[in-house]
Amino acid sequence: MLYGIASLLTAAVLVGVDQWLKIWATNALKPLGSAPLWPGVVELRYVLNDGMAFSMLSGQRWLLIGITGVVLVVVAGVLLLRPLPRLERLAWTLVLGGGAGNLVDRIASGLVVDYLNFQFIQFPVFNFADICVTTGVGVLILAFLLEYAAERRKARARSPETPDADA
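Structure report, in brief. All values derive from a computational prediction rather than experimental measurement.

When helices and strands are tallied, the chain shows four helices and three strands. Its helices and strands in sequence order give the chain the pattern α-β-β-α-α-β-α, from N to C terminus. Over its C-alpha atoms the chain spans a radius of gyration of 20 Å, topping by over 25% the 15 Å that the globule rule assigns to 167 residues. Taken along its principal axes, the extent of the C-alpha atoms in the chain is 70 × 40 × 25 Å. Counting every position in the chain, which comprises 167 residues, the buried fraction comes to 34%.

Further remarks concern the sheet that holds strand β3 (residues 112-118). Pairing is antiparallel in the open sheet, where three strands are placed in the order β1-β2-β3. Two strands close off the open sheet at either side, each with one partner strand: β1 (34-38) and β3. With strand direction ignored, the average angle separating the axes of adjacent strands in the sheet is 35°. As defined by bridge partners, β1 adjoins strand β2 (residues 42-49) across four bridges and the pair is classed as antiparallel.

Taken as a whole, this structure holds three aromatic pairs when the rule is applied. Ring geometry for Phe118 versus Phe120: centroids 5.5 Å apart, planes at 65°, classification edge-to-face. Taken together, a centroid distance of 5.5 Å and an interplanar angle of 35° make the contact between Phe118 and Phe126 tilted. Since its relative accessible area comes to 14%, Phe126 is described here as buried. Through a chain of ring-to-ring contacts, the aromatic side chains of Phe118, Phe120, Phe123 and Phe126 assemble into a single cluster.

Another point: the pairing of β3. Across the seven residues of β3, six count as buried, placing the element largely inside the fold. The pairing of β2 with β3 spans six bridges and is antiparallel. Its bridge partner being in β3, Val47 is matched across the sheet by Asp114.

So, on to the pattern of salt bridges. The final tally for this structure, using the stated rule, is five salt bridges. Between Lys154 and Glu151 there is a salt bridge, with its nearest N and O atoms 3.9 Å apart. Taken together, the positions of Lys154 and Glu151, both in helix α4 (residues 128-158) and three residues apart, correspond to about one turn of that helix. The class for Lys154 is partly exposed, based on a relative accessible area of 45%. Through salt bridges with shared partners, one network takes in Asp18, Lys22 and Asp105.

Reading the values: the criteria
- Residues numbered from 1 in each chain as written.
- Predicted model: local features only at pLDDT ≥ 70, side-chain atom pairs only at ≥ 80, totals over all residues.
- Heavy atoms only, no water.
- Helix = DSSP H or I, 4+ residues; strand = E, 2+ residues; numbered from the N terminus.
- Rg over C-alpha atoms; globule rule 2.2 N^0.38 Å.
- Buried < 20%, exposed > 50% of the residue type's maximum accessible area, 1.4 Å probe, protein only.
- Pairing = 2+ DSSP bridges.
- Axes fitted to C-alpha atoms, helices over the stretch in contact; angles between N-to-C directions.
- Phe/Tyr/Trp six-rings, centres within 6.5 Å; stacked < 30°, edge-to-face > 60°.
- Salt bridge = Lys/Arg side-chain N within 4 Å of Asp/Glu carboxyl O.

Okay, structure coming up:
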């Protein structure tokens, strides 16, 4: 339970950082529209997004709020009530913090503030919360792959070598 509370507090800090960055982007970038961070590679661009990544479910504010809210309640419950390996706990904490950061925007205004734009690829403008969710999902996949590999090693160690059928 203590790790669960620490995870929720960490997620709350991530939401705070996300909201601070969005306030900064609104105040600093909205008047400019965009500003180069690394010319030709990354720019800071003020964009309001009413959908998910790649504008999926654009205009579906209440559906996005409902789905996100349910998912985040489940994730918070998992973090609070289930013992988890460290890597998996980190992953779910990142997902919770990032998801909650964007949920705050959706509830407050229906629009998510995005501000990071990669210029060298065709990719949506995104924000810190998106980075948290994406990194969390990546870490979760890594955790599952590592767990699968460990289980395979254990299974091989338990079973005696079987001779090849072709030999």
